[in-house]
Amino acid sequence: MEIKINEVTYSYIESGQGQTILLLHGFTGSKDTWGSLISKLERNYHVIAIDLLGHGMTDCPINDERYRMEFAAKDLHDFLVQKQIDSVHLLGYSMGGRLALYFALAYPTKIRSLILESCTAGLITENERLARIEQDDHLSSMILNEGIEVFVNYWENIPLFSTQKYLTSESQQKIKQGRLNQSPIGLSNSLKGMGTGIQPSLWSYLKQFKKLTLLVCGEYDEKFCLIMGKMNEKLEKSEIIKIPHAGHAIHVEHSEKFATIVIGFLLKSEKEEIS
């Protein structure tokens, strides 16, 4: 399905009935990466997975400014308005988790509950942000100058995704093909406009967020478990679950377990709404 939001045509899939859960994928991902989770959720929920700016079949604006968090979040808000959806359970992974958190803080009335998988609230110091911007600019240039295949071969071998080497060769090939199908300009501009370095730090705003929040990290992804542990300390109504024998992309590496945790949290959220 397609919908035009603020001059950008977004691609999305939706299925099921009930309360809405909106799924936001990570960098180099797409709406299709949620296939396994959607098949579990659609039995009891109205599920929407959307291709974020520059990814999948959504448009890839030429101007990297268009990818900034405030514009991407406004697009999601206007998407929900256009779809006449008052509020959602919002689930975001990695880059999609950063966007989900930004959206939740900017538009709290649109949130029923929040689920963040393997993400951060941004970088705190100016030096950290500048170093990350430089790193993302380098990757952005690699994509444009050396081609998507060279980039994907590099990207799939970074330590963050080392645990994905234990997936079946079929699963690994599916992930790789999804990355290879991406638009070079889309990925390049996503790094420049929505990268961890360029996005605003959200740490000082976490204590303002009052909705039920679930933080999920993988045991082997020590960096993000540490970060999310600190986020858990600042959020008022959050809990953190560390998944054993899992890395960064839990919904891919342990799809059944991840679905069980998400459904359990959604049921808990619904009970809290009633009480």
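Let us look at the structure shown here. (Residues numbered from 1 in each chain as written. Predicted model: local features only at pLDDT ≥ 70, side-chain atom pairs only at ≥ 80, totals over all residues. Heavy atoms only, no water.)

## Some words on the state of the cysteines
Every disulfide links exactly two cysteines, by a covalent bond between their sulfur atoms.
Okay, so step 1: Within the structure shown, the criterion is met by 1 disulfide.
Okay, so step 2: There is a disulfide in this structure between Cys217 and Cys225, and the S-S distance comes to 2.2 Å. For the disulfide bridge between Cys217 and Cys225, the dihedral angle about the S-S bond is near 105 degrees, and by the sign convention the bridge is right-handed.
Okay, so step 3: Counting only cysteine sulfurs, Cys217 is the nearest neighbor of Cys119, a cysteine outside any disulfide, at a range of 11 Å. (Disulfide = S-S within 2.5 Å.)

## Brief notes about the packing of helix α4 (residues 126-146) against helix α5 (residues 148-155)
Okay, so step 1: The interhelical angle for the contact between α4 and α5, taken along N-to-C directions, is 140 degrees, at an axis separation of 6 Å. Relative to α5, α4 is oriented oblique. Facing Leu139, Met142, Ile143 and Glu146 of α4, the residues of α5 in contact are Ile148, Val150, Phe151, Tyr154 and Trp155.
Okay, so step 2: Among the residues forming the contact of α4 with α5, the class breakdown is 8 nonpolar, no polar and 1 charged. (Axes fitted to C-alpha atoms, helices over the stretch in contact; angles between N-to-C directions. Helix = DSSP H or I, 4+ residues; strand = E, 2+ residues; numbered from the N terminus. Parallel < 35°, antiparallel > 145°, perpendicular 65-115°, else oblique. Contact = heavy atoms within 4.5 Å. Nonpolar A, V, L, I, M, F, W, Y, C, P; charged D, E, K, R; others polar.)

## A word on the pattern of salt bridges
Okay, so step 1: Applying the stated criterion across every chain yields a total of 14 salt bridges.
Okay, so step 2: Where Glu256 meets Lys40, a salt bridge forms, and the shortest distance between an N and an O atom there is 3.3 Å. Separated by 216 residues along the polypeptide, Glu256 in helix α10 (residues 255-274) and Lys40 in helix α1 (residues 35-41) bring together distant segments of the chain.
Okay, so step 3: Asp78 serves as the salt-bridge partner of Lys74, at 2.7 Å between the closest nitrogen and oxygen. Of the two residues, Lys74 and Asp78 are both situated in helix α2 (residues 69-82); the distance of 4 residues between them amounts to about one turn of the helix.
Okay, so step 4: The partly exposed category is assigned to Lys74, whose relative accessible area is 36%.
Okay, so step 5: The buried category is assigned to Asp78, whose relative accessible area is 16%. (Salt bridge = Lys/Arg side-chain N within 4 Å of Asp/Glu carboxyl O. Buried < 20%, exposed > 50% of the residue type's maximum accessible area, 1.4 Å probe, protein only.)

## So, the sheet that holds strand β1 (residues 2-5)
Okay, so step 1: Taken in spatial order, the 8 strands make up an open sheet running β1-β2-β4-β3-β5-β6-β7-β8, and their pairing is mixed. Sheet topology places β1 and β8 (238-243) at the edges, where each strand pairs with a single neighbour. Pairs of neighbouring strands in the sheet enclose a mean axial angle of 25 degrees, with direction left out of account.
Okay, so step 2: Of the strand pairs in this sheet, strand β3 (residues 20-24) and strand β4 (residues 46-50) are connected by 5 bridges, and their pairing is parallel. Paired with Thr20 across the bridge in β4 is His46.
Okay, so step 3: Across the sheet, helix α8 (residues 222-234) lies against β6 (111-117), β7 (213-218) and β8, angled at about 160 degrees from β7, the strand it touches most. (Pairing = 2+ DSSP bridges.)

## Examining the environment of Cys225
Okay, so step 1: Locating Cys225 in the fold gives a position in helix α8.
Okay, so step 2: Owing to a relative accessible area of 10%, Cys225 belongs among the buried residues under this scheme.
Okay, so step 3: Between the C-alpha atoms of Cys225 and Gln135, which are 90 residues apart in sequence, the distance is 22 Å.
Okay, so step 4: For Cys225, the contacting residues outside a window of four places in its chain are Cys217, Gly218, Glu219, Ile240 and Lys242.

## Digging into the packing of α2 against helix α3 (residues 95-106)
Okay, so step 1: Contact pair α2 / α3: the axes reach a minimum separation of 9 Å and the direction vectors enclose 70 degrees. In terms of axis orientation, α2 runs roughly perpendicular to α3. In this structure, α2 uses Met69, Glu70, Ala72, Ala73, Leu76, His77 and Leu80 to contact α3, whose residues at the interface are Arg98, Leu99, Tyr102 and Phe103.
Okay, so step 2: Grouping the amino acids of the contact of α2 with α3 by side-chain chemistry returns 8 nonpolar, 1 polar and 2 charged.

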